[in-house]
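Structural description and commentary
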Amino acid sequence: MRSKCLYILSCLMMVLAVFPSRAIGKRKDLKPYLEVRIDRKNVVEGERLIYEVALVSPEASVAGVELLSTPDFGELPYSRSAPDNNLTEVVVDGDKYYTAVIDRYFVGVNNKGKNSIKGGVYKIGFDRMVKVQYPFWGATVQNRLETMNLKASDVTLKVSPLPEKGRPDFFSGAVGQFEIMSIPPEGKLRAGEDYLMTVNISGIGDLTDTPLPDIRSAFPPEIQFKSMTEDRSHYVKAGKLGSEIELECVIHPKKGGEYVVKEMEFTYFNPFSGKYEVAKSPEVKIFVDDSSSGDGQPPVIIDV
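Residues numbered from 1 in each chain as written. Predicted model: local features only at pLDDT ≥ 70, side-chain atom pairs only at ≥ 80, totals over all residues. Heavy atoms only, no water.

1. Concerning the pattern of salt bridges
Formally: When a carboxyl oxygen of Asp or Glu is within 4 Å of a side-chain nitrogen of Lys or Arg, the pair counts as a salt bridge. Runs of H or I in DSSP of at least four residues are treated as helices and runs of E of at least two as strands, each being numbered from the N terminus. Summary of the burial criterion: residues with accessible area below 20% of their type's maximum are buried, those above 50% are exposed, and those between are partly exposed, where the area comes from a 1.4 Å probe applied to protein chains only.
Counted by the stated rule, this structure contains 14 salt bridges. Here R48 makes a salt bridge to D206, at a shortest N to O gap of 3.6 Å. Note that R48 is positioned in strand β3 (residues 47–57) and D206 in the loop between β14 (195–205) and β15 (223–237), a separation of 158 residues in sequence. For E265, the salt bridge goes to K280, with nearest N and O atoms at 3.8 Å. Residue E265 is found in strand β18 (residues 265–270), and its partner K280 is found in strand β19 (residues 275–280); the two are separated by 15 residues along the sequence. What makes E265 partly exposed here is its relative accessible area of 34%. K280 gets classed as partly exposed once you look at its relative accessible area, which sits at 48%. Taken together, the shared-partner salt bridges connect E59, R128 and E146 into one network.

Structure below.
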């Protein structure tokens, strides 16, 4: 039995020795490269873009990435964000590649004119199976980490000023595409009690420092607007920066009746249409029970 196993092993070594030493599974005609992805290169001031660096590799055995030189954004403000790091299959010019976002930044474009971004340098590691020829044992396959340095390409942004024509006096300063919604408490409310009503502003663009719209004036005098708390967040959707403002408003109906919360407006500049636009929330109806009806009466105490 032992002699048979040695015979099979020696045959396998002879077969492997026929082929030259090379990285198994590597296609030498295709090489890894970096791809810079950015929303658009012709933008307007006030936008905030996502700058991504993606690795495009003909092999899936990527072992790791190390940032050697950070991209140079010049005078543009930026902040780094976590990339996806998930390899997915793509087809480029008929060839199969594997790609993953290895670096990501949020970039503000407030400087009018041309702004250059110089690409960073990254060390890419590949986990490769390499055939090694030994004098005594012959050819054998081993795992080996191989690295290469790749530089991302430079890009130039052309930043145009926001147009003066058509700019409304109540412009929020936000640039993107947004919507606003008001969500009242469900069901009938009782007079004299506090309730939470939610106002949500969301869309593609940056709302980090955007002033809030006038919300108080949307409520009738019979519904007191007591206080408001806000929560701002960001997300990445289809390579674009999205953001959201969620406002929790404490309202206090003073007396029973049927009331209308008027539409709320949020103005912004849409860089895709090149115009100032107004997002409006639809009117909502609020039904309030009078506090003196039903179980709103004080309890009756009976001595026994």
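On we go.
2. A word on unusual backbone geometry
If you check the backbone angles, D93 has positive phi at about 50 degrees while not being a glycine. With respect to the helices and strands, D93 occurs in the loop between β6 (88–92) and β7 (95–109).

3. Considering the nonpolar core
Selection criterion: As used in this record, nonpolar core signifies buried Ala, Val, Leu, Ile, Met, Phe, Trp, Tyr and Cys residues forming a set joined through side-chain atoms within 4.5 Å. In this description, contact between two residues means that some pair of their heavy atoms is separated by no more than 4.5 Å.
Counting residues in each nonpolar core, the largest one holds 28 residues, and the members touching the most others are F219 and M264. Elements supplying a minimum of two residues to this core: β12 (176–183), β14, β15, β16 (240–253), β17 (257–261), β18 and β20 (284–289). Once residues within four sequence positions are removed from consideration, M264 is found in contact with I180, S182, M197, V199, I215, A218, F219, A279, K280 and S281. Membership of the second largest hydrophobic core comes to 23 residues, among which are I38, V53, V109 and I124.

4. Digging into the sheet that holds β17
Here is the rule: In this analysis, strands are considered paired if DSSP registers two or more bridges between them.
With respect to topology, three strands assemble into an open sheet ordered β13-β20-β17, the strand pairing being mixed. The outermost strands of the open sheet, each flanked by one partner alone, are β13 (189–190) and β17. Relative to β20, β13 runs parallel, the two sharing two bridges. Bridging from a neighbouring strand, R190 pairs with D289 of β20.

5. A few points about empty space enclosed by the protein
Filter applied, for reference: Within this scheme a cavity is a closed region of a 1 Å grid, computed over the protein atoms alone, that accommodates a 1.4 Å probe without allowing it to escape, whereas a pocket is open but has protein on both sides within 12 Å along at least five of seven lines; lining residues each have an atom within 4 Å of a point. Grid points are joined across faces, edges and corners, and a volume is the space filled by probe spheres set on the points. Three classes are used, and their members are as follows: Ala, Val, Leu, Ile, Met, Phe, Trp, Tyr, Cys and Pro are nonpolar, Asp, Glu, Lys and Arg are charged, and the others, Gly among them, are polar.
Scanning the entire structure with this criterion turns up one cavity of 30 Å³ or more. Looking at the largest cavity, its volume works out to about 100 Å³. Lining the largest cavity we find 14 residues, and of these D39, E47, R48, I204 and G205 sit closest to its centre. Those elements that place two or more of their residues in the lining of the largest cavity are β3, β14 and β16. Examining the composition of the lining of the largest cavity, we find that three residues originate from one element, β3, more than from any other. The residue inventory of the lining of the largest cavity, partitioned by class, reads six nonpolar, two polar and six charged.

6. Focus on the side chain of E59
Put simply, the rule reads: Polar contact is the term for a pair of N or O atoms within 3.5 Å; when the atoms are in protein, one must be able to donate a hydrogen and the other to accept it, and sequence-neighboring residues count only if both atoms are side-chain atoms.
With respect to the element layout, E59 can be found in the loop between β3 and β4 (62–69). A polar contact is formed between the side chain of E59 and the side chain of S61, at a distance of 3.3 Å.

7. Looking at the pairing of β15
Walk down a regular strand and you will see the side chains alternate between the two sheet faces. Summarising the sheet, β15 and β16 pair through 14 bridges and their orientation is antiparallel. From the neighbouring strand, S227 faces β16, where its bridge partner is V250. Hairpin geometry of β15 and β16 is characterised by an intervening segment of two residues between the two adjacent antiparallel strands and by a positive phi of about 55 degrees at A238.

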